[in-house]
Every structure is written in C-alpha cells, then in structure tokens.
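For reference, the chains in residue letters:
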Amino acid sequence: MKRSIWIAIMLALGTCVADAAPVELVYTFTDKRTEKKTVAVEPDAQGVVKVLLRRDELPVGLDHLTVLPDFAIAKTGEEGYFIMPNGEMGTFRERTGERTAQNFMPMPVFGMKNPRKTFVAIVTGMPNSFTLVTQAKEGVYTIFPRFQLRSDPPTEDIAIAYHLLSGDQADYSGMAKVYRNHQLSRKACIPLKERIKTSPELAYSARSLAIRVRNGWKPMPTPVTNQTYATEPPMKVAVTFDRVGEILDEFKRQGIESAEICLVGWNRMGHDGRFPELFPVEEQLGGEANLRKLIKKAQSMGFQIVCHSNSHDAYMIADTWDAEYIVKWVDGTSFSNYQVYGGGRVFPICPQRAFERFAQKELREIADLGFRGLHYNDILTVVQPKRCFGPRHPLTRRQSAHWIGKILGEARSVMGGSASEGGHDFCCGQLDYALYASVPAPKPDPIPLVDRFVPFWQLVYHGIILNNPFPTTCNYTIKNPATRLMLTEFGGRPFFYFHSNYRDNGDAWMGVEDITCESDEALRAGVAKIKEGYDEFTARAHLQTEFMERHEALDTDVFRTAYANGTEIVCNYRQTPFVYKGRTVEPLRHIVIEQ
C-alpha cells in the first residue's frame, strides 16, 4: 500500500486507546530499495504503544529505518502541534516543509497533539542513533524517527514507547511530565532538593549567578590548521588573574555577594589552546602562583570559583598528542574532517580513553589548585555520544555515554559538582549544570515549520539540572527585552560572560552585545548590568529547586509558567499591557505571583 493512501485511511479512521495501533515501518536499503511493512501494536493497560524491533531480526543491508504510527499524523489546518525535544513547537499551518534534529537533540523524546490523539514518544532502544523528522507534505504532517543503520549499525534492539495522553495531561506540559516521571522512576537522575542536602557546592550554585571570564585565546578561526610550536599563533591576553581579582572587588563594591566564577582559558595557551594539554598554568596570565592567590581571594570573599577544561577535544600540538586515544571510524581511521578551533584541527577523544588517560589525573591536579564548585568540562553534553570503533577501546553510543558520565562523576568527587556545555541527557544523573539547554535558539528569521520555542526541556529537568535556556540568553541584561524576558519565562539560571564574543569571523553566536573589562569604566558598567541580573535572580532563586509543572499560552504572546510550589510567572511579549488575576503585566515585562 502506498504511504499516502495509508496515511489518508488512518486520518479518516483514527483509533481509540483500546484498539490496536497500525504502525508503518519503512526499510531503506543501501542499494536504494525501499520496503514497507505495517504492524498492529496493542496499547498496554497504561495506554502505551510499545514498538520493539529486535536487532537480530532486522533485514540485512539496511541504510535506515523509519517508524510511523497512525496517530503521529495530522492535516494542515487542524488544531494541535508537534514538539521537538529542544522545545521547538509548530502548529499545522504549512502544506510543505521539513524540520529535522539529530546532533543537537537533547532528549530522545518527541510528541504531537492532533484532534484524534495526543502522545509523547520515548525512544528507549538506540536512543542516540536517530534523526527526528517532522515533515509537511501535500498538506499532511508526520513526525517520526529515522534510525541511521549503515553509519551506526544497531548494537541493541530499537524500542519506542508511545504514551497516549488524555484530559488535562494532553498537552506538551503533560508530555514532559511523563518523561520526567520516566527518568525519576528509573533513577536516572535525582531532584536538586535531594542533592543539595549533601552538596554545599551545588546548594551555593543553585542560588548564585554563573560568571564566566575568558582569560585568553589564540585567533579564532585560526590561520594555522595544523599547528606546531614554530607555527603556533600568539595568545591574546584579555583578563589576567590579577584583573579577575579586580572584577571580584567591583562585585563587592556594587553589592554582588554570591556568584560562581568560572575561568575560561587559564590553561596552557588559553581557551582551546592545546587540549588535552592543560599545564602549566598559563604564565602570560600570571602563572600558577597568582592563580592560587586568586582562588584563595575569591573564596575568602564568599565566591565559589571553578574553571573550564576539556575532555572531548585534542589538538596535534598538544604535548600529550597520540592518535591512539582518538575516536575511530568503522574502518579504524582516526575521526577527522572535524571542526577547526583555536588550537587547529580538533579530533574527538574516545570517552573511555579520556577518562583513563586524562580525566582522573587532570581533575585532581585542577582540584589541587584550590578550585571547588561545579567544575565545567566543555562539549561533553552538547553533542550526542559518539561510537568508537578503535580496536583497543571500541564503544557503542550507550557505552560512550557511560564513560562521559564517569568523567562528570569524577569532577563531582574531587571538586563538588559537574557542569558541561549542553542539555543532552544521556548522563543526566551526573550533570549538575548545563550552560545552555538548547543550542538552536530563537532567531529573527523564521525556522521552517516552527512557531516558537517552549520550555519543553525545562518542564522535564527544571528542579533537577541547573541550566540557562539558550546561548543567546548569555549576558541577558544587555540584550533586547524579548531575549531578557525569555530567560525568565524558561526559568533560567543567568550566566554572564566577560568576553563572550571573541571570534574574528563575526560569529557572535552568543550575541554581538558583550561585557568586557579592558578599562575600569567598562568593568564598572559591565558589573552594573550583572548586578541587575543578580537582583532579579536573587528574588526568585528559590525556584531553582522546584519542578516546572506547567507552561501555556494565556493569549497571543502571553505565557504562564507554573512551578510545583504554586508560584506563577506571567511573561508578556506584547507591546500592550495584559491583565492576569487582577494584576497588570506591562509590555515586555513579567510578574511573579507567589502562592
């Protein structure tokens, strides 16, 4: 049966919870052949349709496989929406278009609400090995996972649980709650309220701003792709350790009493300088003696201070360079043709070897400097865990996730907490802070099929993992009113960055606006904007340990975020006032209603 005919029949018939759900499987082979099969799956007693495709029963020669139940279909013009795992939401308003997510897909979850069904799908088998596709074709919307099997041969059964929702749970808040309960019930993670009881470092972070200071860096993008000591570009010195101390003095003068400071580029040749080589501490910034003095000063002033390291990237200029520890392709060659950063062409390190060869030793050396808090290890949770085909350290994606979790867990053991760049949740039980939950961020230009972002990730993990919603909400008090409001709507822990904008090619991916300290005047002005964020956050920091229970549109461009303790925050993106429960929300402002 042609797929278009099958879709039309399913739209006409619909299904009820008690009925078997037709599920279309499309097998695409490496020789371009396509085969289709429809199976009927009975919902269980809880209304969950479970699709299980056993690894050893899959046809030989598959390139990719898609899974599409009859209820994951809608027509253009119908009521409802689809939800992507990074919070992208789209109503059924287009006839043609496509939106896909693969690498920047922080949770193996997606959903749809249409006039016939509302569901949330949780991919439990091969959760890091699919591309999520939302497609509008000839007026018909579908949302489905596409498992890439040639480049990522299956190492386990493919399994998807489609939870059918009803009543007041049949919306994206209900979808998120199902997944949160799934994660908590299987003890994949523990709420912040429990963890802060035994972690003073985490308790401090939960009530404090995150402040990042970029100390130094080499040109980015680099003019020298394969660097040697003879060809290595010089490092720009932006903020010495002594100058960081002056930043802290200005914090105190302006009334900022608590903040977690993260030094970025303190290591050999600065940010992205020579990873995995870290030591000696960069002399151009003041050297180890001045760094130790700074750490003691910060802690004596009541600040928590940590630093930025990297267990993911390797540059050939590093004194520890060895192709042995690099992630290997299926043919055994080193993973290359990757990004180019400050240190040149970068190669990803196999997570197992990163833990065994570097993390255990380096994290203790970092802790020995005096750092204590949520140690930041770059990149680890901003991309999907990679497969490694190295004969000495072969890893499936699930095993790779395990070793990344061990690296983050080691940071907790020796410094009190862990942080990384993104919100990918494959090791959510070892992650205390995500610098941003989603890399794709709201932009002025429309995104195909997407109406807006909603705090879907936060509805799952607020109260479990501290986070900021998007890179663009960095330095939010100097951004436009809508961006500033979005941090509040999404319940973010504010992060500020001295020298966030450092790339020479104009790629200001955290925003062209910046906070710097190249002069005393710039320092004072920057700290004043940070103080605005400090005052705003201090008033609602207690919400960081509360679950976000509900998010919804009250009207066009007006949104309500509700927390487990009864607090409501109403954000008005309009140019006109909005009245809620007798209170006026001014244009591009918010109100907080405490229980």
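Check the entry above for the structure.
Only a predicted model underlies this, so the values are computations on that prediction, with no experimental measurement involved.

(A) Structural view of the sheet that holds strand β10 (residues 118–125). Across the sheet, which stays open at both edges, the 7 strands sit in the order β3-β13-β10-β9-β6-β7-β25 with antiparallel pairing between neighbours. Sheet topology places β3 (48–53) and β25 (452–453) at the edges, where each strand pairs with a single neighbour. As paired elements, strand β9 (residues 109–113) and β10 share 5 bridges and run antiparallel to each other. Within β10, the position partnered with Phe110 by the bridge is Ala121. Along the sheet, helix α2 (residues 172–185) contacts β6 (81–83), β7 (88–91), β9, β10 and β13 (158–165); its crossing angle with β10, the most-contacted strand, is approximately 30°.

(B) Looking closely at unusual backbone geometry. Each neighbour pair has its own omega, and for Met220 with Pro221 the value is 5°, a cis peptide bond. Residue placement: Pro221 occurs in the loop between β15 (216–217) and β16 (236–237). In this structure, Lys187 is a non-glycine residue whose phi angle is positive, near 60°. Residue placement: Lys187 occurs in the loop between α2 and α3 (192–195). The phi dihedral of Asp272 falls on the positive side, at around 55°, and the residue is not glycine. With respect to the helices and strands, Asp272 occurs in the loop between β17 (259–264) and α6 (287–300).

(C) View of the side chain of Asn377. Topologically, Asn377 is positioned in strand β22 (residues 373–377). One polar contact links the side chain of Asn377 to the main-chain amide nitrogen of Ser311, over a distance of 2.8 Å. Excluding anything up to four places from it in sequence, Asn377 contacts Ser309, Asn310, Ser311, Ile407, Ala419, Ser420 and Glu421.

(D) Representation of the packing of aromatic side chains. Taken as a whole and assessed by the stated rule, the structure comprises 25 aromatic pairs. With 6.4 Å between their ring centres and 90° between their planes, Phe110 and Phe119 make a pair best called edge-to-face. Overall, the relative accessible area of 0% leaves Phe119 in the buried class. Seen in terms of ring centroids, Tyr476 and Phe496 are 5.8 Å apart; in terms of plane orientation they differ by 50°. Their pairing is tilted.

(E) Region of interest: the nonpolar core. Membership of the largest hydrophobic core comes to 120 residues, with the highest contact counts inside it found for Phe251 and Leu263. Ranked by residues supplied to this core, first place goes to helix α8 (residues 397–415) with 8 residues. When neighbours within four sequence positions are excluded, Phe251 is seen to be in contact with Ile211, Ile256, Ala259, Ile261, Phe303, Val527 and Ile530. By size, the runner-up hydrophobic cluster in this structure holds 44 residues, among which are Leu65, Phe71, Leu132 and Tyr141.

(F) Just the packing of helix α7 (residues 351–368) against α8, in detail. Between α7 and α8, the least distance of the axes is 10 Å, while the angle of their chain directions is 10°. Considered as vectors, α7 and α8 are oriented roughly parallel to each other. Only Ser400, Trp403, Ile404, Lys406, Ile407, Glu410, Ala411, Val414 and Met415 of α8 make contact with α7, whose side of the interface consists of Pro351, Gln352, Ala354, Phe355, Glu356, Ala359, Gln360, Leu363, Arg364, Ile366 and Ala367. Of the residues that constitute the contact of α7 with α8, the class distribution is 13 nonpolar, 3 polar and 4 charged.

The rules behind each value
- Residues numbered from 1 in each chain as written.
- Predicted model: local features only at pLDDT ≥ 70, side-chain atom pairs only at ≥ 80, totals over all residues.
- Heavy atoms only, no water.
- Pairing = 2+ DSSP bridges.
- Helix = DSSP H or I, 4+ residues; strand = E, 2+ residues; numbered from the N terminus.
- Contact = heavy atoms within 4.5 Å.
- Axes fitted to C-alpha atoms, helices over the stretch in contact; angles between N-to-C directions.
- Polar contact = N/O pair within 3.5 Å; in protein donor to acceptor, adjacent residues only side chain to side chain.
- Phe/Tyr/Trp six-rings, centres within 6.5 Å; stacked < 30°, edge-to-face > 60°.
- Buried < 20%, exposed > 50% of the residue type's maximum accessible area, 1.4 Å probe, protein only.
- Core = buried A, V, L, I, M, F, W, Y, C linked by side-chain atoms within 4.5 Å.
- Parallel < 35°, antiparallel > 145°, perpendicular 65-115°, else oblique.
- Nonpolar A, V, L, I, M, F, W, Y, C, P; charged D, E, K, R; others polar.

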